[in-house]
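Spelled out from the first residue to the last, the chains are:
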Amino acid sequence: MITTVQIVRVRSLFATVMLTGIFSLLGAGWMMTLDAPDVAFTEAAVGAGIATVLMLSTLALTTRRSKTPTGNKLLPLLVVGVTGALLVWATLDMPHLGDPSAPVHQHVAPRYLAQKEIHGHAAQAETGVPNVVTAVLGSYRGYDTLGETTVIFTAAIGVMLVLGGRRRRDDASSKRKGKAKGKAA
Amino acid sequence: MSPVRRQHVILRVVAKLLIPYILLFALYVQFHGDYGPGGGFQAGVIFGAAFVLYGLIFGLERAKAAAPPRIIEILVSLGVLLFAGVGVASMFKGGNFLDYGVLEHDPLAGQHLGILVIELGVGITVTAAMITLYFYFAGRGRA
């Protein structure tokens, strides 16, 4: 909470990046207390580690201080306030943590976790993998995971094209000469 | 190596000590994902983070020497290809797309093998993607 307030208040972008990193690490801690080590792992490595480094290298290319905002300050505050209130209102509808009658525990989860005699649970009996998270992600939801991997692949390709296109564009423009004059500049 | 970097003796020594263990831990997360928390994505990020740390401490040039961008670019697509390839392989074996049960005689072993391979594919793509992102962001200012 203190971290969040500081992120909004601090004008130095360097401090902001550091604080978002701390926020991610705290988030990883929360995930850990919710017994979700897989998510905590990801949050700690991506949010606190890689994202911070990427933000810092972006900072190195731009400036270290954000500009003081100009213009009407009430409208953004209103939008943020209303969105936040909506989100809080939506959480009121959510079941309590660990509520056995929650929709998550009613859908397919009981089938994956059903106790089997030989193997621990159904997911293990069907996939041979004791970690249910891995079994669900890898096997039952293989399509989803393939899609996610493709998203990461696409992201990498996108960054390559946007940030790394300079060399090839020069080559291409020298070949096509007049055509790509504007682009090369 | 720039003279500024030369000063950070502590950082360099600690990084040198840590990086092998980070890589080892990533491999553990990758191949122990069946039994404990973790899996391809997490392992890939940790593996990539080791390279990013190396690049931060020792400079982009040496990181590029350790992980040649050409190979990394190939690896980005290789992971997805491996994942999709498992799906196609299971189709050739007479099952549905990504139905690993048919990969081996025993459906259980097939499932296990399939999950292991696709997690490896995820890991390769994520590692390579993270390293690529870092290379392109960090190398932006100097070209």
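What you see is a predicted model; the values in this text were computed from it and never measured. (Residues numbered from 1 in each chain as written. Chains lettered and ligands numbered in written order. Predicted model: local features only at pLDDT ≥ 70, side-chain atom pairs only at ≥ 80, totals over all residues. Heavy atoms only, no water.)

**Quick word on the interface of chain B and chain A**
Turning to step 1, where the next piece is worked out: On the chain A side, the residues contacting the 45 residues of chain B number 39 residues.
Turning to step 2, where the next piece is worked out: Where chain B abuts chain A, roughly 3,800 Å² becomes buried across the two surfaces, and 78% of that area is made up of carbon and sulfur atoms.
Turning to step 3, where the next piece is worked out: In this structure, the connection of chain B to chain A is made through zero salt bridges.
Turning to step 4, where the next piece is worked out: Summed over the shared surface of chain B and chain A, the result is two residue pairs in polar contact (both at pLDDT 80 or more).
Turning to step 5, where the next piece is worked out: For the side of chain B that touches chain A, the secondary-structure elements that each account for two or more residues are α2 (9–31), α3 (40–58), α5 (69–92) and α6 (107–138) of chain B.
Turning to step 6, where the next piece is worked out: For the side of chain B that touches chain A, the element with the most residues is α6(B), which contributes 17 residues.
Turning to step 7, where the next piece is worked out: When grouped by side-chain class, the residues that make up the side of chain B that touches chain A number 30 nonpolar, 11 polar and four charged. (Contact = heavy atoms within 4.5 Å. Buried area = accessible area lost by both parts, 1.4 Å probe. Salt bridge = Lys/Arg side-chain N within 4 Å of Asp/Glu carboxyl O. Polar contact = N/O pair within 3.5 Å; in protein donor to acceptor, adjacent residues only side chain to side chain. Helix = DSSP H or I, 4+ residues; strand = E, 2+ residues; numbered from the N terminus. Nonpolar A, V, L, I, M, F, W, Y, C, P; charged D, E, K, R; others polar.)

**A word on the side chain of Thr145(A)**
Turning to step 1, where the next piece is worked out: Assignment of secondary structure puts Thr145(A) in helix α8 (residues 142–164).
Turning to step 2, where the next piece is worked out: In contact with Thr145(A), other than residues within four places in its own chain, are Leu137(A), Gly138(A), Phe83(B) and Val122(B).

**Some thoughts on the packing of aromatic side chains**
Turning to step 1, where the next piece is worked out: Counting across every chain of the model gives six aromatic pairs over all chains.
Turning to step 2, where the next piece is worked out: Here the aromatic rings of Phe47(B) and Phe51(B) are separated by 5.9 Å at their centres, their planes lie at 45°, and the arrangement is tilted. Taken together, the residues span about one helical turn, with Phe47(B) and Phe51(B) both in helix α3 at a distance of four residues.
Turning to step 3, where the next piece is worked out: Residue Phe47(B) is classed as partly exposed on the basis of its relative accessible area, which comes to 23%.
Turning to step 4, where the next piece is worked out: Aromatic side chains Tyr54(B) and Phe58(B) sit 4.8 Å apart centroid to centroid with 35° between the ring planes, which places their arrangement in the tilted category. On the criterion of helical spacing, the pair formed by Tyr54(B) and Phe58(B) is a turn pair, its members being four residues apart in helix α3. Each member of the pair, Tyr54(B) together with Phe58(B), is buried.
Turning to step 5, where the next piece is worked out: Members of the aromatic cluster, connected to one another through ring pairs, are Phe41(A), Phe25(B) and Tyr28(B). (Phe/Tyr/Trp six-rings, centres within 6.5 Å; stacked < 30°, edge-to-face > 60°. Buried < 20%, exposed > 50% of the residue type's maximum accessible area, 1.4 Å probe, protein only.)

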